[in-house]
Amino acid sequence: MPASDLWRKSLKLDPTFAEAFFGLGLVALDNDQHEQAVERFEDAALLAPEDPRVPVLRAKALMLAGRTEDAILILEQHVSTERTSAEAWEMAGQAYLQAQDFKRAAESFEVAVRALPDMKDAIYGLSRAHAGLGNAAQASEYAEQFRKLAAAEHAENTENAKSFRDRDFAVHVAAQTLSDAARVYSQRGSAARAEALLLRAVRLEPANVEFLGQLQQSLQERGAQSQAAEIGERIVELAPKRLDQWLNLGWLYSQLNVPDKAIAACQKAIELSPKDPRCHQAYEIIKRFQ
């Protein structure tokens, strides 16, 4: 019997069983059902407000659903309590990175690393945050720390697996470096240079939704809506549960005056989460073209 069925069965026996809602949230996360995960973790939070795992994973689900500001609000409240953890600070750093608030991202990752000096993801986050702040020396220093930790982790596995992961790791680091550099150029107003770097990053990691989203944002900001829509099609192909991406794709096609594609994208968004207030835009676009 699937885990989700077991959790639902337990809720029939005890509708106040918080662990069941938590388990269903994990299942939804694993299946890329991010809005559903948010709802289940919210249910768990109501029943078990002292559980320190819930706000962290709730924030993660919100970030994956494109609701970064909501995630930041939850994490800021959580890290101010005695129930906070290195994992919570690391997740806060990731949220600030997503919001491009590099100063707060660096501060959050630093707290996480003080608690867990070998926390690989937080150290890598520090490298990215300092790159965003233009602190090249510190970014390089943390990138080297991350490389050493990752190499040590890889050494625990078989030589074949290690060889594969090392190649994969090298490609990812190269692609991420290009992405971080592109962000700096974008902030300096050099969209053409930023997009050239992002295209190189995407060639290295074609399925990286973050890089594609960064490229799409740059295209939209300079009015290249047709190209942005092409990127949007690729994003929803890779992440079909991303409500924010379907809404954006619908808006792009509405701006391009392509009614069929605009309506189709908006309908898909509504199917994913019909009660989400963000779908008001989708309903308006459909109404306009019908």
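Residues numbered from 1 in each chain as written. Predicted model: local features only at pLDDT ≥ 70, side-chain atom pairs only at ≥ 80, totals over all residues. Heavy atoms only, no water.

1. Considering the overall build of the protein chain
Item 1. Check the secondary structure of the protein chain and you find 16 helices and zero strands.
Item 2. Relative to a compact globule of 290 residues, whose C-alpha radius of gyration would be 19 Å, the protein chain shows 20 Å and is just as compact.
Item 3. On the principal axes, the C-alpha backbone points of the protein chain span a range of 55 × 55 × 40 Å.
Item 4. A burial count over the protein chain gives 43% of its 290 residues as buried.
Item 5. Taking as baseline every contact in the protein chain between residues at least 6 positions apart, the subset at least 24 positions apart corresponds to 48%.
Item 6. As displayed, the protein chain offers around 15,300 Å² of accessible surface, 52% of which is attributable to carbon and sulfur atoms. (Helix = DSSP H or I, 4+ residues; strand = E, 2+ residues; numbered from the N terminus. Rg over C-alpha atoms; globule rule 2.2 N^0.38 Å. Buried < 20%, exposed > 50% of the residue type's maximum accessible area, 1.4 Å probe, protein only. Contact = heavy atoms within 4.5 Å. Areas by Shrake-Rupley, 256 points an atom, 1.4 Å probe, with all protein chains shown as cover.)

2. Observations regarding the pattern of salt bridges
Proximity of charged atoms lets side chains of opposite charge pair with each other.
Item 1. Going through the model one piece at a time under the given rule, you end up with 18 salt bridges.
Item 2. Notably, a salt bridge pairs Glu195 with Arg222, separated by 2.8 Å at the nearest N-O pair. You can see Glu195 sitting in helix α11 (residues 191–204) and its partner Arg222 sitting in the loop between α12 (209–221) and α13 (225–238), a full 27 residues away along the chain.
Item 3. Taking the relative accessible area as the measure of exposure, Glu195 reaches 7% and is therefore buried.
Item 4. Residue classification places Arg222 among the partly exposed positions, given a relative accessible area of 45%. (Salt bridge = Lys/Arg side-chain N within 4 Å of Asp/Glu carboxyl O.)

3. A look at the environment of Ala129
Item 1. Within the element layout of this structure, Ala129 appears in helix α8 (residues 120–133).
Item 2. Taking the relative accessible area as the measure of exposure, Ala129 reaches 0% and is therefore buried.

4. A few points about the side chain of His78
Item 1. Within the fold, His78 resides in helix α5 (residues 68–79).
Item 2. What His78 contacts, discounting residues up to four positions off in sequence, is Pro52, Pro55, Val56, Arg83, Thr84 and Ala88.

5. Quick notes on unusual backbone geometry
Item 1. Positioned with a positive phi, Asp32 is a non-glycine residue whose angle comes to about 60°.
Item 2. With respect to the helices and strands, the residue Asp32 is situated in the loop between α2 (18–30) and α3 (34–47).
Item 3. Note on Asp32: relative accessible area 42%, which makes it partly exposed.
Item 4. Phi at Asn257 is positive, roughly 60°, even though this residue is not glycine.
Item 5. Its location among the elements puts Asn257 in the loop between α14 (243–255) and α15 (259–272).
Item 6. Owing to a relative accessible area of 54%, Asn257 belongs among the exposed residues under this scheme.

6. So, the environment of Ala139
Item 1. Along the polypeptide, Ala139 turns up in helix α9 (residues 136–155).
Item 2. Given a relative accessible area of 8%, Ala139 falls into the buried group.
Item 3. Remark: the alpha-carbon pair of Ala139 and Ser127, spanning 12 residues in sequence, is separated by 4.1 Å.

7. A short note on the state of the cysteines
Item 1. Scanning the model with the defined rule gives zero disulfides in all.
Item 2. The thiol of Cys266 is not disulfide-bonded; the next cysteine sulfur, from Cys279, is found 8.7 Å away.
Item 3. What makes Cys279 buried here is its relative accessible area of 0%. (Disulfide = S-S within 2.5 Å.)

8. A short note on the packing of α14 against α15
A pair of packed helices is characterised by two quantities: the angle between their axes and the separation of those axes.
Item 1. In contact at an axis separation of 8 Å, α14 and α15 are set at 160° when each is read in the N-to-C sense. By the angle between their axes, α14 is roughly antiparallel relative to α15. As for how α14 packs across α15, the hand of that crossing is left-handed. Where α14 approaches α15, its residues Leu243, Trp246, Leu247, Leu249, Gly250, Tyr253 and Ser254 are matched on the opposing element by Lys261, Ala262, Ala265, Cys266, Lys268, Ala269 and Leu272.
Item 2. Looking at the contact of α14 with α15 residue by residue, the classes come out as 10 nonpolar, two polar and two charged. (Axes fitted to C-alpha atoms, helices over the stretch in contact; angles between N-to-C directions. Parallel < 35°, antiparallel > 145°, perpendicular 65-115°, else oblique. Left-handed = near helix turned anticlockwise from the far one by under 90°. Nonpolar A, V, L, I, M, F, W, Y, C, P; charged D, E, K, R; others polar.)

Everything listed is a geometric property; what it means functionally is a separate question.
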